[in-house]
2 protein chains.
Amino acid sequence: MAMEAAVVVPRGWRLLLLVSAAGLVALGAPQPPNILLLLMDDMGWGDLGVYGEPSRETPNLDRMAAEGMLFPNFYSANPLCSPSRAALLSGRLPIRNGFYTTNAHARNAYTPQEIVGGIPDSERLLPSLLKEAGYATKIVGKWHLGHRPQFHPLKHGFDEWFGSPNCHFGPYDNKAKPNIPVYKDWEMVGRFYEEFPINVKTGESNLTQIYLQEALDFIKRQQAARRPFFLYWAVDATHAPVYASRPFLGSSQRGRYGDAVREIDDSVGKMLSLLQVLGLAESTFVFFTSDNGAALVSAPSQGGSNGPFLCGKQTTFEGGMREPAIAWWPRHIPPGQVSHQLGSIMDLFTTSLALAGLKPPRDRVIDGFSLLPALLQGQLTDRAQLPLRREGAGHPASPSPALPLRDQAPQPHLPPPFLLCWESPGAEPRTWHTPILYYRGNTLMAVTLGQHKAHFWTWTNSWEEFRQGINFCPGQNISGVTTHTQEEHTKLPLVFHLGRDPGERFPLR
Amino acid sequence: MAMEAAVVVPRGWRLLLLVSAAGLVALGAPQPPNILLLLMDDMGWGDLGVYGEPSRETPNLDRMAAEGMLFPNFYSANPLCSPSRAALLSGRLPIRNGFYTTNAHARNAYTPQEIVGGIPDSERLLPSLLKEAGYATKIVGKWHLGHRPQFHPLKHGFDEWFGSPNCHFGPYDNKAKPNIPVYKDWEMVGRFYEEFPINVKTGESNLTQIYLQEALDFIKRQQAARRPFFLYWAVDATHAPVYASRPFLGSSQRGRYGDAVREIDDSVGKMLSLLQVLGLAESTFVFFTSDNGAALVSAPSQGGSNGPFLCGKQTTFEGGMREPAIAWWPRHIPPGQVSHQLGSIMDLFTTSLALAGLKPPRDRVIDGFSLLPALLQGQLTDRAQLPLRREGAGHPASPSPALPLRDQAPQPHLPPPFLLCWESPGAEPRTWHTPILYYRGNTLMAVTLGQHKAHFWTWTNSWEEFRQGINFCPGQNISGVTTHTQEEHTKLPLVFHLGRDPGERFPLR
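Before going into details, it helps to say that this report is about the structure given with it.

Cut-off values and rules
Residues numbered from 1 in each chain as written. Chains lettered and ligands numbered in written order. Predicted model: local features only at pLDDT ≥ 70, side-chain atom pairs only at ≥ 80, totals over all residues. Heavy atoms only, no water. Helix = DSSP H or I, 4+ residues; strand = E, 2+ residues; numbered from the N terminus. Buried < 20%, exposed > 50% of the residue type's maximum accessible area, 1.4 Å probe, protein only. Contact = heavy atoms within 4.5 Å. Areas by Shrake-Rupley, 256 points an atom, 1.4 Å probe, with all protein chains shown as cover. Disulfide = S-S within 2.5 Å. Salt bridge = Lys/Arg side-chain N within 4 Å of Asp/Glu carboxyl O. Buried area = accessible area lost by both parts, 1.4 Å probe. Nonpolar A, V, L, I, M, F, W, Y, C, P; charged D, E, K, R; others polar. 1 Å grid on protein atoms, 1.4 Å probe; cavity = no way out; pocket = protein on both sides within 12 Å on 5 of 7 lines; lining within 4 Å. Points joined across faces, edges and corners; volume = space filled by probe spheres on them. Phe/Tyr/Trp six-rings, centres within 6.5 Å; stacked < 30°, edge-to-face > 60°. Pairing = 2+ DSSP bridges. Least-squares fit on C-alpha atoms with pLDDT ≥ 70 in both. Axes fitted to C-alpha atoms, helices over the stretch in contact; angles between N-to-C directions.

### Some thoughts on the overall build of chain A
Counting its secondary structure elements, chain A contains 13 helices and 19 strands. Looking at chain A as a whole, 63% of its 509 residues are labelled buried. Looking at chain A alone, contacts between residues at least 24 apart form 71% of all its contacts between residues at least 6 apart. Carbon and sulfur atoms make up 54% of the accessible area of chain A, which amounts to about 17,200 Å² in all.

So, in structure tokens, the structure goes:
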């Protein structure tokens with residue numbers, strides 16, 4: 001099924017597929033919908049009541065799901081913050097957009113302040129594409145795609161920013177290693193632990209409240225200006241050191257981590273309420289998800305829950321990359337739906353473009369596809385049947401390295417679904433199939449297609465780290481699966497049926 | 001707070017607290033509500049969509065929760081079928097009602113066909129008390145409180161029975177060890193695998209459909225007779241060997257176990273629909289729960305999911321005893337509620353009596369209390385504040401053995417909440433507090449009060465069993481917690497905070 005043919009858009013703006021939103025806005029035609037992406041930091045699949053968290057302290061997110069569509073099979077593009085966020089905004093795997101490392105075989109990449117890299121100029125990011133189409137764009141919270149001037153989010157399509165380029169680790173020594181700066185647009189307005197205090201002892205910080213106000217203010221301004229908006233709300237209260245403002249501290253049965261979740265849940269409720277009060281609910285597509293699985297290494301006080309799944313952040317087991325995901329768009333998405341569409345955070349790139357009436361860039365490989373058939377018609381798209389959304393020459397566009405899969409010949413002993421993830425030889429334009437790919441660095445660790453997941457490599461973390469108490473899988477130990485040496489299984493992959501065994505406890509072989 | 005004072009009943013039948021239902025029925029007064037208890041077999045907390053099962057294949061149970069009240073903190077009285085069911089029907093711990101063993105230290109008790117024991121005549125069971133109060137009573141499915149003639153459910157208060165006295169293990173050799181019989185009332189109408197086929201190879205059996213029809217028929221008959229009813233629907237399709245009827249076989253993403261869950265979910269939907277069609281919804285209290293945690297030893301093809309909890313059936317970790325629980329009673333229980341009441345399957349005994357306007361027996365210790373304050377007013381009752389519901393002499397009524405707790409002096413190093421579970425010395429009538437108690441046989445393994453759980457003993461199963469591949473905690477291994485030797489911690493209990501750490505992975509000490 002060709003995606004272009006499958007994209008279904010609500011009545012009243014079907015033409016947007018052909019004409020850019022900017023043009024239509026100028027003509028006074030119906031606006032494309034606003035897009036509000038709520039991206040959590042280290043929040044796990046199991047942290048929401050609707051996903052089975054026993055304390056059930058997320059009434060607003062649970063209501064969002066009841067009024068919208070829940071995705072139980074939704075994945076990040078990497079089990080770590082930076083590459084996952086780069087993938088969301090570029091629609092491309094970290095190995096294509098440059099956010100991967102090759103150090104220590106299969107480690108993940110991120111951008112702490114010691115690292116000078118960031119998102120390449122050549123990447124075409126979602127805010128930039130939407131801005132060209134007439135959207136007002138804002139990022140609130142954590143950027144994490146590079147902290148040097150050339151990587152500033154306002155150079156990559158955002159009109160506004162309130163937040164920081166990095167994690168809120170600290171406090172640091174001011175001279176040798178300064179605290180992470182906080183920006184308002186181009187201007188640095190302070191630093192974490194200084195002008196923007198975080199009390200690591202008590203966990204108190206009002207940052208989520210600031211981020212909430214920034215969001216509400218932006219929404220109100222765009223409504224007044226009658227301009228379509230793209231708001232990327234990337235809060236970080238659930239990333240260690242977790243924090244919450246005073247009214248929420250101590251309010252959760254789950255401790256400080258739960259306090260942070262409760263404050264975020266409350267904030268999401270306030271944003272959805274504002275959309276309803278302003279009459280924007282039916283013209284705003286809202287999607288909630290997280291950048292990677294809960295950081296079990298910080299649990300229980302500073303880390304969340306991955307529910308029934310194996311391990312957490314940093315790993316390519318389900319706990320590292322399966323994410324909570326909720327779509328909300330009253331009168332467009334029917335309430336109370338559950339979609340078993342195998343979804344990826346990279347799909348939000350293509351979906352957002354489709355909502356704006358735009359096609360994805362054609363000069364490069366895009367790994368996400370549009371979720372609109374799932375969202376609007378309840379259709380399931382088989383990722384194995386998707387054509388490559390790239391035209392022209394058969395070689396990958398620079399700077400995208402080839403997927404390492406291409407260097408590996410298909411193994412005859414792989415089960416049939418996994419044969420589909422190899423490039424079809426000789427076809428022109430060549431088709432590339434997009435299952436859920438689990439990378440660490442430049443190593444393809446595992447693949448999910450349909451209900452089956454195959455691990456080509458297993459690794460939690462090194463014995464050395466593990467012996468120091470760093471544990472990505474506390475309480476979980478599956479012989480031959482949760483390995484502390486890097487184990488290769490490409491000749492005989494470890495295969496799990498995720499429907500029967502979502503916890504990856506019983507290898508089929 | 002005295003429970004009698006706390007019991008709140010809907011308007012129109014408050015008087016029932018004082019006068020028996022039978023008397024009122026005779027007088028033409030408003031009837032007490034019908035009671036429908038849906039008791040699952042080895043179904044786990046994590047098996048329902050509303051509790052986070054990823055495939056979300058229980059739309060009817062999820063809707064039941066959305067229209068009623070969900071209990072995330074609800075417990076069985078034992079991690080095995082027979083004692084749990086005996087506790088439900090007697091309102092008493094297995095160690096009081098006789099359903100415990102002392103073999104092999106801390107093993108659980110059940111009644112396979114080799115065992116000649118059963119529920120003592122001296123126990124006053126719920127069907128018997130409700131029948132005296134004018135209720136029509138029926139059990140559909142598994143009795144499991146003794147298979148010899150004197151233990152027949154119609155001798156213990158049930159008017160009708162369709163089902164079997166035991167698990168549907170088999171097929172057996174007909175002579176040395178016959179297949180388990182199936183009864184219709186007093187009459188044996190066939191045997192499993194013979195007149196009531198179960199194909200252990202394909203998993204096909206139409207037993208759930210028979211049990212559904214028995215339930216629907218009974219409800220219709222009582223509605224026609226205008227008689228209040230107590231229906232105990234104790235189906236067993238989710239107990240290994242799991243089965244489903246042909247239309248449901250292969251219908252689940254989860255395999256055969258999921259097929260069984262889907263058929264039960266569909267059946268529950270049909271029962272609730274019938275209540276609505278007959279105009280009985282507002283006069284029927286429905287409660288759904290399970291007898292013990294999912295049997296992970298049979299997972300993934302024949303066992304379910306305990307979600308984020310540790311281990312499963314047979315153990316006193318949360319996975320062994322925390323249960324899915326949903327109450328439904330339109331216009332009495334407000335829709336969409338979540339109650340964090342620490343609840344027990346034994347509370348269903350006292351709650352059902354309260355609904356019928358009855359007080360629990362006063363000649364013996366009753367371990368359950370009424371959930372009506374939670375159900376009707378959203379109140380939380382602190383189990384530590386409950387008085388003993390027994391009057392008169394200070395010695396336990398025969399045949400209740402004393403709780404072994406009484407043989408153990410309180411330890412000064414126990415955290416404060418756990419001191420509350422000892423009997424107050426010298427008071428007359430002596431008070432007995434009822435936290436959640438986790439027994440194996442006659443050994444108190446653990447106690448939960450509020451958010452804290454203390455393990456006095458830990459044990460999964462023996463090394464000998466474990467080495468044979470019998471694993472109650474597949475994929476889970478927590479040093480010093482999931483032990484294969486029986487480890488005593490009474491002098492320094494292993495304490496967990498279940499709010500912050502529902503998976504019992506991080507002992508506080």
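Anyway, onward from the coordinates.
### Here we look at the state of the cysteines
Within this structure, the stated rule accounts for two disulfides over all chains. Sulfur-sulfur distance for the disulfide between Cys-311 of chain B and Cys-473 of chain B comes to 2.1 Å. On the S-S bond that ties Cys-311 of chain B to Cys-473 of chain B, the torsion sits near 100°, and the link is right-handed. One end of the pair, Cys-311 of chain B, is in the loop between β9 (284–290) and α9 (318–321); the other, Cys-473 of chain B, is in the loop between α13 (463–467) and β18 (487–488), and 162 residues separate them in sequence. Given a relative accessible area of 4%, Cys-473 of chain B falls into the buried group. Unpaired in this structure, Cys-81 of chain A has its nearest cysteine sulfur neighbour in Cys-167 of chain A, at a distance of 4.8 Å. For Cys-81 of chain A, a relative accessible area of 2% puts it in the buried group.

### A closer look at the pattern of salt bridges
Applying the stated criterion across every chain yields a total of 48 salt bridges over all chains. Residue Lys-270 of chain B is joined to Asp-266 of chain B by a salt bridge in which the shortest nitrogen-to-oxygen separation is 2.5 Å. In this pair, Lys-270 of chain B and Asp-266 of chain B both sit in helix α8 (residues 256–277), four residues apart, roughly one turn of the helix. Take Lys-270 of chain B: its relative accessible area is 39%, and that puts it in the partly exposed class. For Asp-266 of chain B, a relative accessible area of 22% puts it in the partly exposed group. Across the pair Glu-282 of chain B and Arg-331 of chain B runs a salt bridge whose closest N-O atoms are separated by 3.4 Å. One end of the pair, Glu-282 of chain B, is in the loop between α8 and β9; the other, Arg-331 of chain B, is in the loop between β11 (326–328) and β12 (337–338), and 49 residues separate them in sequence. The exposure class assigned to Glu-282 of chain B is partly exposed, which follows from its relative accessible area of 41%. For Arg-331 of chain B, a relative accessible area of 70% puts it in the exposed group. The structure contains a network of salt bridges with shared partners spanning Lys-138, Glu-160, Lys-184, Glu-214, Asp-217 and Arg-221 of chain A.

### A word on the interface of chain B and chain A
It is common to report an interface's size as the accessible area lost on association of the parts. With 35 residues of chain B at the interface, the matching set in chain A holds 35 residues. Interface area for chain B against chain A, summed over the two sides, is near 2,900 Å², with a carbon-plus-sulfur share of 57%. Contact with chain A buries area across many residues of chain B, yet Pro-54, Arg-56 and Gln-253 of chain B alone supply 22% of it, more than any other trio. Broken down by class, the residue content of the side of chain B that touches chain A amounts to 16 nonpolar, 13 polar and six charged.

### Focus on empty space enclosed by the protein
Scanning all chains against the criterion turns up ten cavities of 30 Å³ or more. Roughly 410 Å³ of volume is contained in the largest cavity. The wall of the largest cavity is formed by 36 residues, among which Pro-308, Gly-503 and Arg-505 of chain A together with Ser-305 and Gly-307 of chain B lie closest to the centre. When grouped by side-chain class, the residues that make up the lining of the largest cavity number 16 nonpolar, 14 polar and six charged. There is about 180 Å³ of room inside the second largest cavity. Lining the second largest cavity are 18 residues, with Gly-304 and Ser-305 of chain A together with Arg-500, Pro-502 and Arg-505 of chain B sitting closest to its centre.

### A few points about the packing of aromatic side chains
Residues and elements named next belong to chain A. Counted under the stated rule, the structure contains 32 aromatic pairs over all chains. When the ring of Phe-158 is compared with that of Phe-230, the centres are 5.9 Å apart and the planes differ by 15°; the resulting orientation is stacked. One end of the pair, Phe-158, is in the loop between β4 (136–142) and β5 (160–164); the other, Phe-230, is in strand β8 (residues 229–234), and 72 residues separate them in sequence. Residue Phe-158 shares its accessibility class with Phe-230, and that shared class is buried. Aromatic side chains Trp-161 and Tyr-183 sit 4.9 Å apart centroid to centroid with 10° between the ring planes, which places their arrangement in the stacked category. Separated by 22 residues along the polypeptide, Trp-161 in strand β5 and Tyr-183 in strand β6 (residues 181–184) bring together distant segments of the chain. Under the relative-accessibility criterion, Trp-161 is labelled buried at 1%. Each member of the aromatic cluster is reached from another via a ring pair, and the members are Phe-71, Phe-74, Phe-285, Phe-287 and Trp-329.

### Some points on unusual backbone geometry
At the junction of Gly-170 of chain A and Pro-171 of chain A, the peptide bond is cis and its omega measures out at -5° in the coordinates. Residue Ala-240 of chain B is joined to Pro-241 of chain B through a cis peptide bond whose omega torsion reads -5°. Along the polypeptide, Pro-241 of chain B turns up in the loop between β8 (229–234) and α8. Unusually for a residue other than glycine, Gln-314 of chain B sits at a positive phi of about 90°. Positionally, Gln-314 of chain B belongs in the loop between β9 and α9. The phi angle at Arg-331 of chain B is positive, at roughly 70°, despite the residue not being glycine.

### Examining the pairing of strand β9 (residues 284–290) of chain A
Residues and elements named next belong to chain A. Here β9 lies mainly inside the structure; seven of its seven residues are buried. Going residue by residue along β9, you find Thr-284, Val-286, Phe-288 and Ser-290 tucked away on one face and Phe-285, Phe-287 and Thr-289 tucked away on the opposite face as well. Relative to β9, strand β1 (residues 34–40) runs parallel, the two being bridged by seven bridges. Within the sheet, the bridge partner assigned to Asn-34 lies in β9 and is Thr-284. With three bridges joining them, β9 and strand β11 (residues 326–328) adopt antiparallel strand pairing. In the strand pairing of β11, Val-286 is matched with Trp-328.

### Remarks on the side chain of Glu-160 of chain B
Along the chain, the position of Glu-160 of chain B falls in strand β5 (residues 160–164). Other than its neighbours up to four places away in sequence, Glu-160 of chain B contacts Thr-137, Lys-138, Ile-139, Leu-154, Asp-185, Phe-218, Arg-221 and Gln-222 of chain B.

### Looking at the layout of surface pockets
Considered as a void within the structure, the largest pocket measures approximately 730 Å³ in volume. Lining the largest pocket are 22 residues, and of these Val-50, Arg-56 and Ala-66 of chain A together with Val-50 and Ala-66 of chain B lie nearest its centre. The dominant element in the lining of the largest pocket, judged by the number of residues it contributes, is helix α3 (residues 59–67) of chain B, at five residues. Looking at side-chain class alone, the lining of the largest pocket contains twelve nonpolar, five polar and five charged residues.

### Brief notes about the relation of the copies chain B and chain A
Each of the two chain copies can be generated from the other by rotation about an axis followed by a shift along it. Superposing chain B onto chain A requires a rotation of 180° together with a translation of 0.0 Å along the rotation axis, leaving an RMSD of 0.0 Å. Read as a symmetry element, the transformation amounts to a two-fold axis. Here 100% of the interface residues in chain B have copies in chain A that are interface residues too; the copies meet face to matching face.

### Quick word on the pairing of β4 of chain A
All names here are of chain A. Of all seven residues making up β4, seven are buried, and the element is well covered by its neighbours. With six bridges joining them, β4 and β8 adopt parallel strand pairing. Across the sheet, Gly-141 pairs through a bridge with Ala-234, a residue of β8. Pairing of β4 with β5, which is carried by five bridges, proceeds in the parallel orientation. Opposite Gly-141, over in β5, you have Gly-163 as the bridge partner.

### Quick notes on the sheet that holds β11 of chain A
Residues and elements named next belong to chain A. Strand order in the open sheet made by the ten strands is β7-β6-β5-β4-β8-β1-β9-β11-β2-β12, with mixed pairing throughout. Unpaired on one side and paired on the other, β7 (187–191) and β12 (337–338) mark the two borders of the sheet. Lying over the sheet, helix α10 (residues 347–355) contacts β1 and β9, oriented at roughly 175° with respect to β9.

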